Amino acid sequence: MAQIIDGKKISTELKLELKDKVAKYKKEGIEITLAVIQVGNDKASSVYVGNKKKACEFIGIRSLAYELDENTTQEELLSLIKELNQREDVNGILVQLPLPKHIDEDMVIETIDAKKDVDGFHPMSVGALSIGKKGFISCTPYGIIELLKRSNIEIDGKECVVVGRSNIVGKPMSMLLLRENATVTTAHSHTKDLKEVCKRADILVVAIGKPKFINSEYVKEGAVVIDVGIHRNEDNKLCGDVDYDDVYPHVSAITPVPGGVGPMTIAMLMKNCVNAVEIQK
Ligand code: NDP
């Protein structure tokens, strides 16, 4: 029977540990504050922002919510970020993506002080990760490493294939696995013979953004499969990039959707907020 990696349970354990750490900081007079900026009222973004606020409350992190109008100009947004960069009582700044089309996302990410970049998207954070320095790490791939470690899945020396090379998932995932001493292949839409490449993997991480794309033909017997994708299928049920039912009989461990990678993302955001105290020292 394959191990079903329980992201809900692991993220709860992690949040409880962080709650303790935050309480200890409070005793030392250190209060952690996260500023969350949302521009416009995209429904999915509002749900994500609400969940982040709830996680902050649970852990004991103060959250400041900035809900800006859809027509907010780029200058207005950048000026708010610069103000928050200056504030000593703010440890983390998060701008919920995607932003309205008239705002340049790269410019926004680069304006956030790298020492407060709790999403880990700033070029300085990405650079720090690639050269093995201390810094913020993109929450979803960071959460996947935590899931593997807490499920006692060895990464060192393993053959890992990451399907997807986005800046927020695929690329940092490959860098993190490399940092854990895996042999890493990054596959993408130009990869030739994707099935054969994926079949080499002891650990296969899938972040393609295509529902149930990966079936058992892509998976080596006994592999560990991590599914990052989140979609709604024709019955309005959540599913991933992996065809779970088809793949499950062939794996040694797998993340379900929902309840696998998803819950870890916000937990790791909280971890980054706690890490901010050290990074800012
Ligand atoms: P992107 O769309 O930014 O990237 C998708 C990647 O998949 C690209 O690198 C693309 O290659 C590659 N790709 C697309 N089609 C194929 C194919 N047929 N064969 C091989 N590679 C392919 O997506 P994200 O990385 O942002 O997200 C991926 C998925 O993860 C989505 O479903 C998203 O909703 C989900 N997600 C879940 C999170 C969570 O918390 N659980 C957090 C973030 C994302 P190329 O670069 O060549 O175009």
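The rules behind the values
Residues numbered from 1 in each chain as written. Predicted model: local features only at pLDDT ≥ 70, side-chain atom pairs only at ≥ 80, totals over all residues. Heavy atoms only, no water. Helix = DSSP H or I, 4+ residues; strand = E, 2+ residues; numbered from the N terminus. Rg over C-alpha atoms; globule rule 2.2 N^0.38 Å. Buried < 20%, exposed > 50% of the residue type's maximum accessible area, 1.4 Å probe, protein only. Contact = heavy atoms within 4.5 Å. Areas by Shrake-Rupley, 256 points an atom, 1.4 Å probe, with all protein chains shown as cover. Lys, Arg positive; Asp, Glu negative; His and termini not counted. Charge placed at Lys NZ, Arg CZ, Asp CG, Glu CD. Pairing = 2+ DSSP bridges. Axes fitted to C-alpha atoms, helices over the stretch in contact; angles between N-to-C directions. Disulfide = S-S within 2.5 Å. Core = buried A, V, L, I, M, F, W, Y, C linked by side-chain atoms within 4.5 Å. Domains from an automatic or database assignment. Near = heavy atom within 4 Å. Polar contact = N/O pair within 3.5 Å; in protein donor to acceptor, adjacent residues only side chain to side chain.

K.L.:
Please clarify how the overall build of the protein chain should be interpreted in this entry.
P.N.:
For the protein chain, the count of helices and strands is ten helices and eleven strands. Computed over the C-alpha atoms, the radius of gyration of the protein chain is 19 Å, within 12% of the 19 Å expected from 2.2 N^0.38 for a compact globule of 281 residues. For the C-alpha atoms alone, the extent of the protein chain along its principal axes is close to 50 × 45 × 40 Å. Of all 281 residues assigned to the protein chain, the portion counted as buried reaches 49%. Partitioning the contacts of the protein chain with sequence separation of at least 6, the portion at a separation of at least 24 is 71%. In the form shown here, the protein chain has an accessible surface area of approximately 13,900 Å², with 50% of it arising from carbon and sulfur atoms. Of note, the protein chain has its 37 positive side-chain charges centred 4 Å away from the centre of its 41 negative side-chain charges.

K.L.:
Please clarify how the sheet that holds strand β3 (residues 62-68) should be interpreted in this entry.
P.N.:
Note on sheets: strands pair through backbone hydrogen bonds, and any given pair is parallel or antiparallel. The strand order β3-β2-β4 describes an open sheet built from three strands, whose pairing is parallel. The open sheet has two free edges, formed respectively by β3 and β4 (92-95), since each of these has just one partner strand. Averaged over neighbouring strand pairs, the angle between their axes works out to 15° when direction is ignored. Sheet topology note: the strand β2 (residues 33-39)/β4 ladder contains four bridges and is parallel. For V36, the partnering residue across the bridge sits in β4 and is L94. Helix α2 (residues 43-59) rests against β2, β3 and β4 of the sheet, and its axis sits at about 170° to β2.

K.L.:
Help me understand the state of the cysteines, please; the structure alone is not making it clear to me.
P.N.:
Simply put, the disulfide is a covalent bond whose two ends are the sulfur atoms of two cysteines. Throughout the structure, instances matching the rule amount to zero disulfides. Looking at C139, it has no disulfide partner, and the nearest cysteine sulfur is the one in C273, 8.1 Å off. Summary of cysteine pairing: C239 is not part of a disulfide, and the nearest cysteine sulfur, belonging to C198, is at 18 Å.

K.L.:
Mind showing me how you'd approach the nonpolar core here?
P.N.:
Inside soluble globular proteins, nonpolar side chains tend to come together where they are buried. If you look at the biggest cluster of nonpolar residues, it comprises 53 residues, and the most contacted ones within it are L34, I61, L148, L177, V205 and M270. The two domains that each donate at least three residues to this core are domain 1 (29-123) and domain 2 (139-262). Of all hydrophobic cores here, the second largest spans 20 residues; its members include V161, C198, V219 and V242.

K.L.:
Mind showing me how you'd approach the site of the ligand here?
P.N.:
R165, S166, S189, K210 and T265 are the nearest of the 24 residues found near the ligand. Between the ligand and I230, the relevant distance is 3.4 Å, taken from an oxygen atom to a main-chain nitrogen or oxygen of the residue. Between the ligand and T265, the relevant distance is 2.8 Å, taken from an oxygen atom to a side-chain nitrogen or oxygen of the residue. Protein contacts shield 71% of the accessible area of the ligand, which totals 930 Å² for the unbound molecule.

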